Amino acid sequence: MFEKIRNALQKGLTTTGNVPMSPEAKQLAAAALLVEAGNRDREFTDGEREAVKRAITEHFTLNADEAADLLKVAEERAKVGMGEYIFTKAVQEGFNPEERGQVVEMLWEVALSDGTLHRMETVMIETLAKEVGLSASECASAKERAAARLGH
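Residues numbered from 1 in each chain as written. Predicted model: local features only at pLDDT ≥ 70, side-chain atom pairs only at ≥ 80, totals over all residues. Heavy atoms only, no water.

**Some points on the overall build of the protein**
Part 1 of the argument: Assigned secondary structure in the protein consists of 8 helices and 0 strands.
Part 2 of the argument: When the 152 residues of the protein are sorted by exposure, 43% land in the buried category.
Part 3 of the argument: Sequence separation of 24 or more characterises 71% of the internal contacts of the protein that already satisfy a separation of 6 or more.
Part 4 of the argument: When the accessible area of the protein is evaluated, it comes to approximately 7900 Å², of which 49% is carbon and sulfur surface. (Helix = DSSP H or I, 4+ residues; strand = E, 2+ residues; numbered from the N terminus. Buried < 20%, exposed > 50% of the residue type's maximum accessible area, 1.4 Å probe, protein only. Contact = heavy atoms within 4.5 Å. Areas by Shrake-Rupley, 256 points an atom, 1.4 Å probe, with all protein chains shown as cover.)

Put into structure tokens, the structure is as follows:
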């Protein structure tokens with residue numbers, strides 16, 4: 001799995017022409033944004049890390065080792081300058097509308113996982129949702145679904 005992720009990075013995260021984004025590149029873009037959401041309040045808790053791992057495991061049907069590899073790479077990529085912009089652009093260009101909504105829902109799930117929704121997390125997710133083409137009501141619905149799944 002780690003090699004697939006590394007190859008996705010070497011090929012780039014964006015699509016060219018009619019070539020769709022690879023599944024590994026999609027996984028990395030989503031996971032890096034999830035890590036960014038967890039870090040947004042400057043405190044990436046164990047609960048948020050587990051929420052990211054759970055979200056990518058379930059959404060991308062990964063086993064524990066694959067999810068751990070993806071999370072490791074996503075955490076490293078989150079340290080890159082302009083990372084949020086790069087991954088947001090990748091989601092905007094390489095994901096279909098349903099997938100974009102799923103990414104936003106996973107972002108809300110991570111942000112809500114520690115029981116405290118920080119203003120900076122909200123701003124990041126609402127801005128990202130708008131940038132990838134979701135309406136305010138679609139973003140709010142994604143937040144409600146994430147909260148319901150977490151029992152909030």
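**Observations concerning the packing of aromatic side chains**
The relative placement of two aromatic rings is captured by the distance of their centres and the angle of their planes.
Part 1 of the argument: Within the structure shown, the criterion is met by 0 aromatic pairs.
Part 2 of the argument: Against the face of phenylalanine 95 rests lysine 26, its NZ or CZ located 5.4 Å from the ring centre. (Phe/Tyr/Trp six-rings, centres within 6.5 Å; stacked < 30°, edge-to-face > 60°. Lys NZ or Arg CZ within 6 Å of the ring centre and 35° of its normal.)

**Some details on the confidence of the model for the protein**
Fine structural detail should not be taken from predicted coordinates in areas where pLDDT scores are low.
Part 1 of the argument: When pLDDT is averaged along the protein, the result is 86, and 86% of the positions lie at 70 or above.
Part 2 of the argument: For the protein, the element scoring lowest by mean pLDDT is helix H1 (residues 2-11), at 51; helix H8 (residues 136-150) scores highest, at 96. (pLDDT = per-residue confidence, 0-100.)

**Focus: the nonpolar core**
Part 1 of the argument: Judged by nonpolar contacts, the single largest core of 45 residues is most densely connected at Leu34, Ile56, Val104, Leu107 and Trp108.
Part 2 of the argument: When contributions to this core are tallied by element, the ones reaching two or more residues are helix H2 (23-39), helix H3 (46-60), helix H4 (64-77), helix H5 (83-94), helix H6 (97-112), helix H7 (119-131) and H8.
Part 3 of the argument: Broken down by element, the residue count for this core peaks at 10 residues, all from H2.
Part 4 of the argument: If sequence neighbours within four positions are ignored, tryptophan 108 has contacts with Leu117, Thr122, Ile125, Glu126, Cys139, Ala142, Lys143 and Ala146. (Core = buried A, V, L, I, M, F, W, Y, C linked by side-chain atoms within 4.5 Å.)

**Digging into the environment of arginine 145**
Part 1 of the argument: Inspection of the secondary structure puts arginine 145 in helix H8.
Part 2 of the argument: In this structure the side chain of arginine 145 is engaged in a polar contact, spanning 2.7 Å, whose partner is the side chain of glutamate 105. (Polar contact = N/O pair within 3.5 Å; in protein donor to acceptor, adjacent residues only side chain to side chain.)

**Here's the deal with the pattern of salt bridges**
Part 1 of the argument: For the structure shown, the criterion picks out 10 salt bridges.
Part 2 of the argument: The salt bridge involving aspartate 46 is made with arginine 49; its shortest N-O contact spans 3.8 Å. Of this pair, aspartate 46 and arginine 49 both sit in helix H3, 3 residues apart, which is roughly one turn of the helix.
Part 3 of the argument: Judged by relative accessible area, which is 61%, aspartate 46 ranks as exposed.
Part 4 of the argument: By relative accessible area, arginine 49 is classed as partly exposed at 25%.
Part 5 of the argument: Residues arginine 149 and glutamate 105 are paired through a salt bridge, measuring 2.7 Å at the closest nitrogen-oxygen approach. In this pair, arginine 149 sits in helix H8 while glutamate 105 sits in helix H6, placing the two residues 44 residues apart along the sequence.
Part 6 of the argument: Judged by its relative accessible area of 12%, glutamate 105 is buried. (Salt bridge = Lys/Arg side-chain N within 4 Å of Asp/Glu carboxyl O.)

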